[in-house]
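Observations on chain architecture
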Amino acid sequence: MIKNTNHLKYIIISGKFPEDQSLHALHNKAFLYWKNFWNNIFKENGTDDTVNADHFWRQDLVTLLMDGDEIAGQHLYSFFHLKSLASKNHSYFVEGFNEEYFVQLNQRKGSTVMSVEYLAVAPDWRKKNCGVSLGTVLIGLACQHQKLHNISVLTAPSRVDVKVDRMVAEHGGEVIVGGLEMHNTPVSLMAIFREKTKVHDDLSISSLIDRLWNERTDYTSVKEKQKIAA
């Protein structure tokens, strides 16, 4: 089935349950999509791992590519400051990163951090069905958040087996520590430093990123919350 990316909308919500009742169904839909998608991935990878709902709840931003009521893609982000001992001791860093990674970040003054997590694209929205890689598009949108919030570095353990590491590199990302394994899959610990972030070379991808970003609906912003309350 051929999918039309012109129909896609970019929606941003918080990992926390919203006060506004009109967003309750969307938040629950986003959580269930995340839970089911990643539990299936872990099962396919031959591991007994399952998702921890705490990892969804702590997210500052849960981003969605949506075609009507259908979730086509999803990406989750949390903000950290590495001068904070609480941040450095957070389970996200303790369980997924090593000291070599932090040495590199410190040397390059990467103090404000946005985690880039749980990249997901619905099977019906793979490149063969819509003409572009929505995974690559979501990474490009993460870079837009980096610019908006003036974040020093985006951090991500990127899967090598499905070429997520290459997608990150296409936006200026680099491997800091390679040759690791998570959830039974090979990964590289990557970073996109603010000064290295670049626009994707493929015009069809970069123009889609621009369109989605410019037309985004951000329910975490004060402006959008005021619109809901009006």
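In this report, we go over the structure that sits alongside the text. As the structure is a computational prediction, the values presented were derived from the model and not from experiment.

Here is what the cut-offs are and how they apply
Counting from 1, residues in each chain are numbered in the order their sequence is written. Whole-chain, interface and lining totals are the exception, using all residues; otherwise, since this is a predicted model, local features are given only for residues with pLDDT of at least 70 and side-chain atom pairs are given and counted only at 80 or more. Just so you know, side-chain values use all the structure's heavy atoms and leave hydrogens and water out. Strands are runs of DSSP state E lasting at least 2 residues, helices are runs of H or I lasting at least 4, and numbering of each runs from the N terminus. Only the C-alpha atoms count toward the radius of gyration. The rule for a globule is 2.2 Å times the residue count to the power 0.38. Three exposure classes are used, based on accessible area relative to the maximum for each residue type with a 1.4 Å probe and protein chains only: buried under 20%, partly exposed in between, and exposed over 50%. For this analysis, residues touch if any pair of their heavy atoms sits within 4.5 Å. Computed by Shrake-Rupley with a 1.4 Å probe, the accessible areas treat only the displayed protein chains as cover when residues are assessed. Whether two strands pair comes down to DSSP finding at least two bridges between them. Throughout, the arc means that of the directions going from the helix axis to the C-beta atoms. Multiply 1.5 Å by the residue count of a helix minus one, and that product is the helix's expected span. Any Lys or Arg side-chain nitrogen found within 4 Å of a carboxyl oxygen on Asp or Glu counts as a salt bridge.

1. Examining the overall build of the chain
Along its length, the chain carries ten helices and eight strands. Its C-alpha atoms give the chain a radius of gyration of 17 Å, near enough to 17 Å, the size a compact globule of 230 residues would have. Counting only C-alpha atoms, the chain reaches 45 × 40 × 40 Å along its principal axes. Split into buried and exposed, the 230 residues of the chain put 50% on the buried side. Long-range contacts, defined here as pairs at least 24 residues apart, represent 72% of the contacts in the chain between residues at least 6 apart. Here the chain displays about 11800 Å² of accessible surface, and carbon together with sulfur accounts for 50% of that area.

2. Overview of the sheet that holds strand S5 (residues 153-159)
In space, the eight strands of this open sheet follow the order S6-S7-S5-S4-S3-S2-S1-S8, with mixed pairing throughout. Edge positions in the open sheet fall to strand S6 (174-182) and strand S8 (217-218), since each of these has one partner strand only. With seven bridges connecting them, strand S2 (residues 61-67) and strand S3 (residues 70-81) associate as antiparallel partners. Bridge pairing in S3 links Val-62 to Leu-76.

3. Notes on helix H5 (residues 99-107)
Of the residues making up H5, those classed as buried are Tyr-101, Phe-102 and Leu-105. Summarising the axial view, the buried residues of H5 lie within an arc of 95°, below the 170-degree limit, and thus occupy one face. Facing away from the buried surface of H5 by more than 90 degrees, the exposed residues are Glu-99 and Gln-107. Buried residues along H5 sit in contact with helix H4 (91-96), strand S4 (112-121), S5, S6 and strand S7 (185-193). Lys-109, located one to two residues past H5, shows a positive phi value of around 60°.

4. Structural notes on helix H1 (residues 24-44)
Under the 1.5 Å per step criterion, the end-to-end length of H1 is 30 Å for 21 residues, consistent within 8% with the ideal 30 Å. Taken together, the buried positions of H1 are occupied by Leu-26, His-27, Ala-30, Tyr-33, Trp-34, Phe-37, Trp-38, Ile-41 and Phe-42. Along the axis of H1, the buried positions cluster into a sector of 150°, meaning they face one direction only. In H1, the exposed positions angled more than 90 degrees off the buried face are occupied by Ala-25 and Lys-43. Along its buried surface, H1 packs onto strand S1 (9-13), helix H2 (53-57), S2, S3, S4 and S5.

5. Details of the pattern of salt bridges
All chains considered together, the criterion is met by six salt bridges. Put simply, Glu-174 and Arg-108 hold a salt bridge, and the shortest N to O gap is 2.6 Å. Pair noted here: Glu-174 is in strand S6 and Arg-108 is in the loop between H5 and S4, with a separation of 66 residues, a long-range link. Take Arg-108: its relative accessible area is 28%, and that puts it in the partly exposed class. A salt bridge links Asp-161 to Arg-159, with the shortest nitrogen-to-oxygen separation between them at 2.8 Å.

6. Topic: the pairing of S5
For a regular strand, side-chain orientation follows a simple rule: the groups alternate between the two sheet faces. Taken across its seven residues, S5 has six buried, putting it largely inside the fold. Sheet analysis places S4 next to S5, joined by three bridges and oriented parallel. Pairing of Met-114 across the sheet is with Leu-154, part of S5. The pairing of S5 with S7 spans seven bridges and is classified as antiparallel. Opposite Thr-155, over in S7, you have Ala-191 as the bridge partner.

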